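This is what each chain is made of:
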Amino acid sequence: MNLKVRKIYEALFALEDLREIFRQALPTGLDEGDEEQLSNGIARVETIIRELKEGKGSPIKYAEDRLELRTREEEFININPIQPGGRLTAEARKALIAYGDGYSVCDMCLEGRLDKIRKPPVDEFHAELADFVGMDEARVVPGARRGFQAVTSALLEKGDVVIVSDLAHYTEYLAVETAGGVIKEVPSGPKNIITGDAVADKIESVKDATGKLPKLIIIEHFDYLFGNEHDVYGVGKVAKDYGIPFLCNGAYSVGMMPVNGKKIGADFVVGSGHKGMAAVAPSGILASTDEWAAKVFRSSQIVGDVTGRRFENKEPEMLGCTLMGGTVLSMMASFPHVKERVTRWDVEVKKSNYFIREFLRIEGNKIASECPRKHTLSKVDTRDSFDRIAKTHKRRGYFLSDELKRKGIVGEFAGSTRVWKLNTYGSSWDRIKYLSEAFIEIAEKYELPVR
Ligand SMILES: *Cc1c(COP(=O)(O)O)cnc(C)c1O
């Protein structure tokens, strides 16, 4: 446990208590009681800061009753497969402090539409988002999954067929299910990679069986099971040839690497804020071409039968507004950093491959993902190495988690020493080297041969 980290949290919380005094006081100023509370509070902050400086005092464990502090990003290297791209920037954490209140983005909403708010500049952010993924229109949504759902809801009638990958994320299946659609899976084959040809074959077989074309194709840019890159450019071309709209699922790419939907040939690009854009959950983006924006981002047409009320400035697929506070503000605050970091994706891939090469020096270790790696998410197979130790270790599979934690590494699937996933995204070279050495040291400790 790192005392200084805990002291920083304690100081932040003590400052929040000061802030609360102003939230309760009259706008004309603090009364005597408030002033006393304030000066006591300031003294408390000073004590905590002194303890922080000197590395003294007792560490706090809880933010609130039973809510433990979350310090894994401060005290550990986190290799969790889904978390690294959604780790907040300092800017996002500041925005969250300032805009954590419920509908905080709505202070200056003049048109009743989130994407038209000018202060803070949510309208500008939307325009930039569309540009960022090479599309015409974009909306923020509560997670990639809600992006899929908006599209399936707008495009599908009951019984319509949607083509997905056999490695597709469950949220794609559910988005098709809620719209009454039917799933047809494209095989990724022995290489675990979806090709344009495989998608074309599936379209043909759907056409043969039903006499109709599928209504939508959803394929991942990178899947969540292997972190393999799929031929979305090839899929885009096939989709165009058949005239079927193509949703490119960029949950594992948007915000981490450059993505250009029009170059891919996609009609929709979906990204995840909390997986790839250093934003608070649930957040994400749905971007589309002008052609499809007219359908998915259409205006409400409904009319109240008694009141005659209409809501023509609202978009039904968005249920009006989507992210109304800390979520969208965190996306916006991280965005300058995100735009910059995607240009350094090649370095992230280099670090990923460096780690994998070192990891493979441990005899018996294998990589289930494509190699060389094109992503920082990798599926590793340690059945012939660490799992052999686990078989006789009194802690079983947990021995590896124990050893990693001792070295300040968390995020692997606890207790798993067979086939599991890790993600090195955003780790500095120092951390990557430390991580590589940690696995080798654990192997050596248990006398696994290291090449
Ligand atoms: C994580 C993930 C999702 C879901 O993203 P949310 O933003 O949590 O809805 C969808 N598809 C893939 C491939 C993913 O990896």
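All residue numbers refer to positions counted from 1 along the written sequence of the respective chain. Under the rules for a predicted model, residues below a pLDDT of 70 receive no local features and side-chain atom pairs below 80 are neither given nor counted, while totals for whole chains, interfaces and linings still include all residues. Hydrogens and waters are ignored; side-chain quantities use all the structure's heavy atoms.

Colleague: Just give me the short version of the sheet that holds strand β12 (residues 377-381), but keep the residues and values in it.
Modeller: Strand pairing is assigned whenever DSSP identifies at least 2 bridges connecting the two strands. Numbering of helices and strands runs from the N terminus, with a helix taken as a DSSP run of H or I at least four residues long and a strand as a DSSP run of E at least two residues long. If you trace the 3 strands from one edge of the open sheet to the other, you get β11-β12-β14, paired in antiparallel fashion. Each end of this open sheet is capped by a strand with a single partner; those strands are β11 (366-367) and β14 (419-423). Here 5 bridges tie β12 to β14, and the two strands are oriented antiparallel to one another. Bridge pairing in β14 links S378 to L422.

Colleague: If you had to explain the domain arrangement of the protein chain to someone new, which residues and values would you point to?
Modeller: Accessible area lost during the coming together of the parts is what is often quoted as the interface size. When cut into domains, the protein chain gives domain 1 (3-75), domain 2 (108-324) and domain 3 (344-445). Computed over C-alpha atoms, the centres of domain 2 and domain 3 are 33 Å apart. With 14 residues of domain 2 at the contact, the number on the domain 3 side is 13 residues. We define buried area as the total accessible area lost by two parts upon association, computed with a 1.4 Å probe and summed across both. When residues of domain 2 are sorted by the area they lose upon contact with domain 3, F226, Y252 and M256 head the list and together hold 41% of the total. When a carboxyl oxygen of Asp or Glu is within 4 Å of a side-chain nitrogen of Lys or Arg, the pair counts as a salt bridge. The interface formed by domain 2 and domain 3 holds 1 salt bridge in total. As a salt-bridge pair, E229 and K374 come within 3.9 Å of each other at their nearest N and O atoms. Under the rule applied, a polar contact is a pair of N or O atoms within 3.5 Å (in protein, one hydrogen donor and one hydrogen acceptor; residues adjacent in sequence only if both atoms are side-chain atoms). Across the domain 2-domain 3 interface, the total number found is 7 residue pairs in polar contact (both at pLDDT 80 or more). Of the residues contributing to the side of domain 2 that touches domain 3, the split by class is 9 nonpolar, 3 polar and 2 charged. Start and end points for every domain follow an automatic or database-based domain assignment. Note on contacts: a residue pair qualifies if any of its non-hydrogen atoms lie within 4.5 Å across the two residues. We call Asp, Glu, Lys and Arg charged. Ala, Val, Leu, Ile, Met, Phe, Trp, Tyr, Cys and Pro are nonpolar, and the rest, Gly among them, are polar.

Colleague: Hey, could you go over the packing of helix α14 (residues 345-359) against helix α17 (residues 429-445) for me, with residue numbers and the actual values?
Modeller: Only the contacting stretch of a helix is used when fitting its axis, a line to C-alpha atoms as for every element, and angles between N-to-C directions run 0 to 180 degrees. In contact at an axis separation of 9 Å, α14 and α17 are set at 15° when each is read in the N-to-C sense. Classified by the interaxial angle, the pair formed by α14 and α17 is roughly parallel. Viewed along their axes, α14 and α17 form a crossing whose handedness is right-handed. Facing α14, whose interface residues are V347, K350, K351, Y354, F355, E358 and F359, α17 presents W429, I432, K433, L435, S436, F439 and I440. For classification purposes, an angle smaller than 35 degrees is called roughly parallel, one larger than 145 roughly antiparallel, one from 65 to 115 roughly perpendicular, and anything else oblique. Handedness of a crossing is defined here by the sense of rotation of the near helix relative to the far one, left-handed for an anticlockwise turn of less than a right angle and right-handed for a clockwise turn.

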